[in-house]
Amino acid sequence: MDPYETENPFEEDTDRVQSEASSAYRVNLSAPSSPPSQSSRIPSSPSLGSASRPAFPSSGSHRQPQAYKSDFCCTRDQWLHSGEEVEIVITDALKTSVNSSSTYITYVIKSGTAEAQHRYSEFESLRTSLARLYPTLIIPPIPSKQTIGDYAVKQAKAKEDAAMIARRKRMLQTFLNRIARHPILSNEHVFHRFLDGEVSWTEVLHSPPLSLLPTNILKAPSHNPTDQNASPGYTALPNPSATHALRRPDQRFLDSEVFTNKFAAHLSGPMEKVTRRTMKRWSDSSHDHAELGAALNGFSLNESGQLSSAIEKTGQAVDATYMSTTLLLQELEQNWAEPLHEYTQFATIIKKLLVYRHQKHVQYEMTQENLEAKREQLEELEKSEHAARRLEEALGRGRTSADSPRTEDGTPSSGDNSRADTGYLPPHPGPNPVRRRAPGMGFLSALSYTLHGMMDVDPATARRNAISKAREQISLLEDALHLSAQDLKYSSSTIQADLDRFQRQKVADIREMAISMAKSHRDWCKKNLEAWEEAKREVEKIPDHPNRMLEEIVEDSGGVANGSRESTSTIDGH
Amino acid sequence: MLGEDDDVFDSVTWESPSAPTYDAGPSAPTGPGFRQSTAESEPGHGPHDPKWEGYLITSVKDPVKELADTKDAYVSYLVSAKTNLPIFSTPNPSARRRFQDFVFLRNHLSKDFPACVVPPLPDKHRLEYVTGDRFSPEFMERRRADLHRFLQRLSRHPTLQRSTLLRAFFESTEWHVTMHQHVAHPPGPEHTTGVIDSISDTLLNAFSRVRKPDERFLAMREGVDKFEEGIVLTERLWSRIRNRTNDGTLEPGEDLTGDYHDMAVAVQGLGFLESGITDPLNHFSNTLLEFSALLRHTTQTTTDPFLIHLHSLLQYSHANRAVLKLRDQKQMDFEELSDYLSGVTSERDRSYLKDRVDALRGADDDRSRVEKMRKLDAKIKELQDAVQTAHETSDAFSDETLREQTVFQYAKEAEMKEMLGNLADGQMEFYKAAMDEWDRIIPIIQRIRVDV
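Note that the structure is a prediction, hence the values are computed from the model and not measured.

Student: I keep staring at the interface of chain A and chain B and nothing clicks. Help me out?
Tutor: By convention, interface size is frequently given as the accessible area that disappears when the constituent parts associate. Taken together, the contact pairs 81 residues of chain A with 80 residues of chain B. Counting each side, the surface lost to burial between chain A and chain B is near 7,300 Å², with a carbon and sulfur contribution of 68%. Interface area lost by chain A to chain B is led by R281, H545 and N547 of chain A, which between them contribute 10%. Ionic pairing is found between D425 of chain B and K536 of chain A, a salt bridge with its closest N-O pair at 3.1 Å.

Here is the structure:
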């Protein structure tokens with residue numbers, strides 16, 4: 001049993017775990033940690049023109065084409081793994097009331113040739129299902145139910161709704177593409193059926209594998225919670241709470257937890273707050289510019305000549321600032337604020353993932369404790385059985401001195417052990433481990449009390465029953481411990497691998513965010529610069545004041561200036 | 001704006017050496033008062049077209065704190081000019097003057113030239129964009145700029161640029177004497193319109209209106225109203241934008257400057273968390289910080305001067321409006337006097353008629369009647385003179401005002417050109433610098449290695 005105590009070397013076991021993972025879709029567990037085969041610098045191609053800017057996830061997080069895959073489960077699978085850059089696009093958001101008493105919004109999803117329509121709650125359901133199906137993977141977030149801060153100015157309700165729908169459209173599309181680019185999730189047939197849209201989502205929900213999901217995924221195999229042939233050992237696993245402390249925590253995951261908390265706090269704190277504040281200010285500023293542009297335009301109407309056109313052009317430069325700021329604001333929202341919020345959600349998802357692993361670890365430790373406790377119990381029982389037998393023998397010898405010694409046939413396989421240690425040597429050195437109350441062990445403890453009670457009635461029979469019971473339980477727990485150790489290893493390595501993949505995706509996305517922010521600002525500057533240059537040209541055309549030095553006049557008008565000009569009483573502009 | 005002339009004044013001491021021949025007496029040749037120069041219109045020029053005899057380019061520089069350690073400390077400024085006007089005895093006059101001297105100059109010019117738009121001096125108390133006391137460099141610079149603009153406006157005025165007082169302001173080595181003489185012997189015609197004054201005071205009140213409004217001046221008045229409206233609105237909105245961009249405090253506050261500063265700090269914090277990309281994120285953070293600094297810089301060097309100029313132009317326009325009002329006043333003087341005259345005349349006519357009737361009836365009170373008639377006639381005669389004078393004054397003032405409006409239009413256009421030009425330059429400078437900054441960071445971020 002010792003190999004399971006070591007918590008580090010996952011590699012040696014990976015193959016075995018994989019081979020045990022019988023499901024067809026779990027083909028490449030080691031893929032996430034393998035180096036990329038494709039250059040990450042290929043810019044994403046925003047294929048269908050609905051989004052003017054490349055949407056997240058960034059090109060950097062594109063999954064490498066899995067060209068080696070040949071056994072496609074369906075056409076969507078084939079399309080996703082065609083080896084080309086594919087992009088799922090939400091082309092439209094429609095108001096409908098099909099199958100419902102009230103109207104709702106459905107999103108039109110285009111993936112290759114397939115088109116599906118799903119409403120928000122179905123996306124939510126897909127996400128939840130995937131999270132239960134893959135408890136060890138980081139399932140990307142979907143936009144939260146409430147709108148994430150109203151950066152845009154207060155508008156009419158309908159318009160606010162439109163902005164909210166547009167935002168959901170963008171973020172849901174990002175969600176789908178993140179799954180499509182995930183090395184494991186992209187192979188999930190449930191996802192393919194979601195994209196295909198040939199059957200209703202309700203039907204998908206009520207057919208395998210989703211219909212086979214156990215109510216408590218902690219008591220199901222980590223690698224495949226829907227496994228119908230899962231060992232009965234899983235039922236013996238405890239159901240620990242998320243806050244249950246570990247006796248021997250894994251430093252790596254402790255670090256991960258600390259980092260995730262810091263990351264979440266920084267993103268939802270300073271980053272998101274200051275972003276929201278800045279956007280609010282830009283929004284106000286753009287409205288001021290709109291007002292000022294109009295005011296200057298009105299101003300120009302009351303003036304005449306070149307001054308009028310100069311003021312008008314200045315007003316147009318201010319108007320241009322209004323337009324460019326509005327655009328800047330949109331881009332900031334889509335390419336900075338939204339990904340930022342997405343990553344705040346990611347942090348929450350990762351926290352949950354780490355909790356799952358933590359619980360798996362606790363399960364393992366508790367099972368181990370239970371097993372030890374059971375073994376001790378068995379030993380005690382056997383000891384007393386042994387003592388009882390010796391007593392019986394002694395009594396027998398006294399009564400029938402010539403009797404041949406009895407064989408041990410009647411007693412189940414305790415013989416070797418009890419023969420070997422005649423003394424009271426405890427099998428496990430050291431003090432007994434502290435027994436903790438584990439929620440899952442309630443039944444077994446109760447059982448043992450009952451057994452104790454029975455002993456009084458018929459000590460010998462009760463004892464023998466208890467021994468056989470304990471042996472059964474030990475065998476079950478040994479099984480469970482084995483499974484639990486496997487699960488823990490599988491979870492740890494898979495979660496670690498997906499965290500590594502996530503980290504790379506995060507760096508790629510931060511890179512993309514920073515670039516698009518810089519570009520948006522640069523374009524903003526460029527547009528305003530051009531507008532002001534144009535205004536300046538018009539301002540330059542305003543005639544100079546007559547009170548100028550002669551040299552200047554000569555310079556300004558070049559060769560046109562004639563000698564008689566020295567009497568400055570002739571003045572331009574009459 | 002006169003930067004290109006700077007070196008011209010290098011050799012000039014502040015006590016202009018070429019001034020001694022100057023006759024500082026009040027008998028200076030230029031015709032004073034609002035009638036000055038109207039008669040000199042040349043062929044090809046409309047009667048209301050202003051003409052400039054030459055150029056006068058002025059500047060105010062080099063503020064120095066004088067008597068620094070006494071309680072009488074004050075700031076003096078170097079005022080200098082470049083001119084070809086015959087009235088000046090040197091083409092490069094210069095002198096040192098203090099704020100009070102400017103006040104004297106303005107007050108007396110506006111007294112001597114009631115029909116001219118004499119530019120206002122900066123409001124002593126409007127210093128909201130400046131911190132520190134009146135000897136702080138910011139204050140002195142701000143005031144220097146204001147005084148510079150004041151002299152520039154004077155020098156652009158075809159009449160004022162040739163006034164003796166302005167000449168003395170630039171040339172006189174004994175400015176105190178000049179001031180004294182000017183007060184003792186103000187130029188201009190003696191105010192012989194005593195009748196008008198005495199009668200006007202009793203007849204006119206501030207709320208009376210011109211009865212026969214002159215279309216030309218109504219349009220002018222409307223133009224001034226709309227111009228000021230435009231300026232006021234622009235100033236209000238632009239101040240709002242300014243305060244959103246940078247509220248004027250050095251600390252990052254509730255404005256865009258502060259927002260980008262805070263964002264820079266947040267991005268730096270993210271860089272600490274993401275150990276793999278700390279360096280590029282630090283660069284990005286610096287760009288955000290730089291952008292914040294550029295926003296602050298452009299507020300100080302472009303927006304604030306623009307707002308100050310805008311406000312100053314508004315005050316200049318107020319002075320222009322005051323002249324228009326004064327013209328209305330002159331017309332009202334005339335109208336009221338005419339009314340009074342016609343009242344007196346009809347009274348005499350009635351008396352005359354009554355006399356005739358009485359005479360026919362044989363009733364005879366000859367002596368008192370003749371006396372009364374004589375008095376009335378005398379009054380009518382006096383009034384007729386007054387009406388005549390008021391009429392001439394009103395007409396002349398109207399003519400002068402028409403010309404003055406053209407002058408102001410020139411000044412306004414030139415200032416708008418300067419103001420909008422500076423604004424555009426400042427904006428272009430800001431956007432260029434910011435664009436470079438953002439452009440610079442893009443390749444640095446692009447260099448982040450991504451392994452996916």
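Next, the rest of the story.
Student: Looking at this structure, how should I read the pattern of salt bridges?
Tutor: Think of it this way: side chains of opposite charge can pair up when their charged atoms draw near. Residues and elements named next belong to chain A. A complete count under the given rule lists 48 salt bridges over all chains for this structure. Salt-bridge contacts for E272 lead to R276; the nearest nitrogen and oxygen are separated by 3.9 Å. Placement of both E272 and R276 in helix α7 (residues 251-302) is noted, with a separation of 4 residues, approximately one turn of the helix. On the accessibility criterion, R276 (34% relative accessible area) is partly exposed. Across the salt bridge formed by D284 and K280, the nearest N and O atoms sit 3.1 Å from each other. Linking D284 with K280, this pair stays in helix α7, spanning 4 residues, or about one helical turn. Here K280 falls in the partly exposed class, since its relative accessible area comes to 40%.

Student: I keep staring at the packing of aromatic side chains and nothing clicks. Help me out?
Tutor: Aromatic ring pairs are reported here in terms of the distance separating the ring centres and the angle at which the planes meet. Summed over all chains, the structure comprises 26 aromatic pairs over all chains. A ring pair is formed by Y343 of chain A and F502 of chain A, whose centres lie 5.7 Å apart and whose planes are at 40°; its orientation type is tilted. Residue Y343 of chain A is found in helix α8 (residues 305-399), and its partner F502 of chain A is found in helix α11 (residues 459-540); the two are separated by 159 residues along the sequence. According to the relative accessible area criterion, Y343 of chain A is buried, its value standing at 3%. The class of F502 of chain A is buried, set by a relative accessible area of 4%. Through pairs of rings, three or more aromatic residues link up here, namely W282, W336 and W524 of chain A together with Y260, F284, F291, F430, Y431 and W438 of chain B. The ring of F169 of chain B has R97 of chain B lying over it, and the distance from NZ or CZ to the ring centre is 5.6 Å. The residue whose ring lies beneath R143 of chain B is F99 of chain B, and the NZ or CZ to ring-centre distance is 3.8 Å.

Thresholds applied
Residues numbered from 1 in each chain as written. Chains lettered and ligands numbered in written order. Predicted model: local features only at pLDDT ≥ 70, side-chain atom pairs only at ≥ 80, totals over all residues. Heavy atoms only, no water. Contact = heavy atoms within 4.5 Å. Buried area = accessible area lost by both parts, 1.4 Å probe. Salt bridge = Lys/Arg side-chain N within 4 Å of Asp/Glu carboxyl O. Helix = DSSP H or I, 4+ residues; strand = E, 2+ residues; numbered from the N terminus. Buried < 20%, exposed > 50% of the residue type's maximum accessible area, 1.4 Å probe, protein only. Phe/Tyr/Trp six-rings, centres within 6.5 Å; stacked < 30°, edge-to-face > 60°. Lys NZ or Arg CZ within 6 Å of the ring centre and 35° of its normal.

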